[in-house]
Amino acid sequence: MSVHFGELAKKVGADGAITGADVLALRREAWPDGRISQGEAEAIFALNHELATKPAEWVDFFVETLGEYVINQRAPAGYVDAENAQWLMGQIDADGQLGSMAELELLVRVFKRAQNVPQSLKEYALKQMEKAVLEGTGPTRDGGALQAGNVNATEAKLLRRAIFAPASERPAAVGPNEASMLFRLKDATLGADNDPEWKRLFVQGVANYLQGYSAENAQISRERAGELQAFMADTSSSVGGFLGRMARAAPNSFGVVFGRKDYEPTREELVAEAEEVTSDESAWLATKIEADGKVDEYEQALLDFLAED
């Protein structure tokens, strides 16, 4: 971190306020080459904790710079490693308070832009989102606001972006932990002044978990991504060695290219199979609905939706 950037960040945060001109000065000092050092990233987090108000210009800067640091500054780019994930969680928890909107937006950006993140960060992000919806208050990045005790349109939009993100529990689809979170939020806000978008998200989200298709190989681990990157960059081996490594690295693709007759179901067949609710999924749903001994309006809307299909 440059000495000038550290001094500038401390000066800007001294009175708990920041202007658009301040943000521009920080952006020019910290990000002239598109890269952020760890010292700069930690200074940006520290400044965020100091600010009493966080205008849109600051949130944009915070999200963009720290998103770049967390996602792309360790090879292979696009894959968050365990150390960076732990660093991010520690920085968000540093003040012992509910994450600010800037921090929530950063989490959503990481999940939207990254190819994959460690399981620990997936679980942490879900807890942060759930807590923010139930307890959070104050303005959001896009002009909406968080409201405690209910789920408004802004909160539903934030949840939708998070659970359908590429690096979420189930890439671009809803996983079991995310579906369970939707049920907990529904139970906690039942009877509150919720926006219609929340009921729509609850129905679509849980139905997607039960019936949606998500390719098993849509996400690969950071370690596997590194292996494949090294594999593609290796120009030292013979043609025979290359083909042998190709067969081990991607046997299904290798078999298709070189004429193996093994049958592979089409994507349409896989989607149709996923739409069939299994006995385990039915048991999961029954347990959730019967937990309080009655069927509420959200659950009825979900059952009606599933019946239509």
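The rules behind these values
Residues numbered from 1 in each chain as written. Predicted model: local features only at pLDDT ≥ 70, side-chain atom pairs only at ≥ 80, totals over all residues. Heavy atoms only, no water. Helix = DSSP H or I, 4+ residues; strand = E, 2+ residues; numbered from the N terminus. Buried < 20%, exposed > 50% of the residue type's maximum accessible area, 1.4 Å probe, protein only. Contact = heavy atoms within 4.5 Å. Areas by Shrake-Rupley, 256 points an atom, 1.4 Å probe, with all protein chains shown as cover. pLDDT = per-residue confidence, 0-100. Phe/Tyr/Trp six-rings, centres within 6.5 Å; stacked < 30°, edge-to-face > 60°. Lys NZ or Arg CZ within 6 Å of the ring centre and 35° of its normal. Core = buried A, V, L, I, M, F, W, Y, C linked by side-chain atoms within 4.5 Å. Axes fitted to C-alpha atoms, helices over the stretch in contact; angles between N-to-C directions. Parallel < 35°, antiparallel > 145°, perpendicular 65-115°, else oblique. Left-handed = near helix turned anticlockwise from the far one by under 90°. Nonpolar A, V, L, I, M, F, W, Y, C, P; charged D, E, K, R; others polar. Expected span 1.5 Å × (residues − 1). Salt bridge = Lys/Arg side-chain N within 4 Å of Asp/Glu carboxyl O.

## Points about the overall build of the chain
Phase 1: From N to C terminus, the chain includes 16 helices and 2 strands.
Phase 2: Across the 309 residues of the chain, 42% fall into the buried class.
Phase 3: Within the chain, counting contacts between residues at least 6 apart in sequence, those at least 24 apart form 67% of the total.
Phase 4: Of the roughly 15,900 Å² of accessible surface on the chain, 52% is carried by carbon and sulfur atoms.

## Some words on the confidence of the model for the chain
Phase 1: Averaged over all residues, the pLDDT of the chain equals 81, while 76% of them reach at least 70.
Phase 2: Least confident of the elements in the chain is helix α13 (residues 251-257), whose mean pLDDT is 46; most confident is helix α9 (residues 176-189), at 96.
Phase 3: Per-residue pLDDT stays below 50 along residues 228-234; that stretch engages in 7 contacts with residues further than four places along the chain or on separate chains.
Phase 4: Below pLDDT 50 for its whole length, residues 253-261 participates in 6 contacts with residues either more than four positions away or in separate chains.

## Some points on the packing of aromatic side chains
Phase 1: The final tally for this structure, using the stated rule, is 10 aromatic pairs.
Phase 2: Members of the aromatic cluster, connected to one another through ring pairs, are Phe-45, Trp-58, Phe-61, Phe-62, Tyr-69 and Trp-87.
Phase 3: The ring of Tyr-298 has Lys-199 lying over it, and the distance from NZ or CZ to the ring centre is 5.4 Å.

## Details of the nonpolar core
Phase 1: Within the largest apolar cluster, 76 residues are counted, with the highest numbers of intra-cluster contacts made by Leu-26, Trp-58, Leu-88 and Leu-121.
Phase 2: No other element matches the 9 residues that helix α4 (residues 56-72) contributes to this core.
Phase 3: Among residues more than four places away in sequence, those in contact with Leu-88 are Phe-45, Val-70, Leu-106, Leu-107, Val-110 and Leu-121.

## Examining the packing of helix α5 (residues 82-92) against helix α6 (residues 101-113)
Helix-helix packing: each pair is described by the crossing angle between the helix axes and the interaxial distance.
Phase 1: Orientation of α5 relative to α6, taken along the N-to-C sense of each, is 165°, at an axis distance of 11 Å. Between α5 and α6, the crossing angle belongs to the class labelled roughly antiparallel. The way α5 lies across α6 gives a crossing that is left-handed. Of α6, the residues touching α5 (which contributes Leu-88, Gln-91 and Ile-92) are Glu-103, Leu-106, Leu-107 and Val-110.
Phase 2: When the residues that make up the contact of α5 with α6 are grouped by side-chain class, the tally is 5 nonpolar, 1 polar and 1 charged.

## Focus on helix α3 (residues 38-50)
Phase 1: Taking 1.5 Å per residue as the helical rise, α3 with its 13 residues ought to reach 18 Å, and the 19 Å between its terminal C-alpha atoms agrees with that figure.
Phase 2: Three or more residues of α3 are buried, namely Glu-40, Ala-41, Ala-43, Ile-44, Phe-45, Leu-47 and Asn-48.

## Overview of the pattern of salt bridges
Phase 1: With the rule as written, the count across this model stands at 11 salt bridges.
Phase 2: Note that Glu-83 is salt-bridged to Arg-74, the shortest N-O span being 3.1 Å.
Phase 3: The exposure class of Arg-74 is partly exposed, given its relative accessible area of 26%.
Phase 4: Lys-186 is the salt-bridge partner of Glu-299, the closest N and O atoms lying 2.7 Å from each other. Of this pair, Glu-299 sits in helix α16 (residues 297-308) while Lys-186 sits in helix α9, placing them 113 residues apart in sequence.

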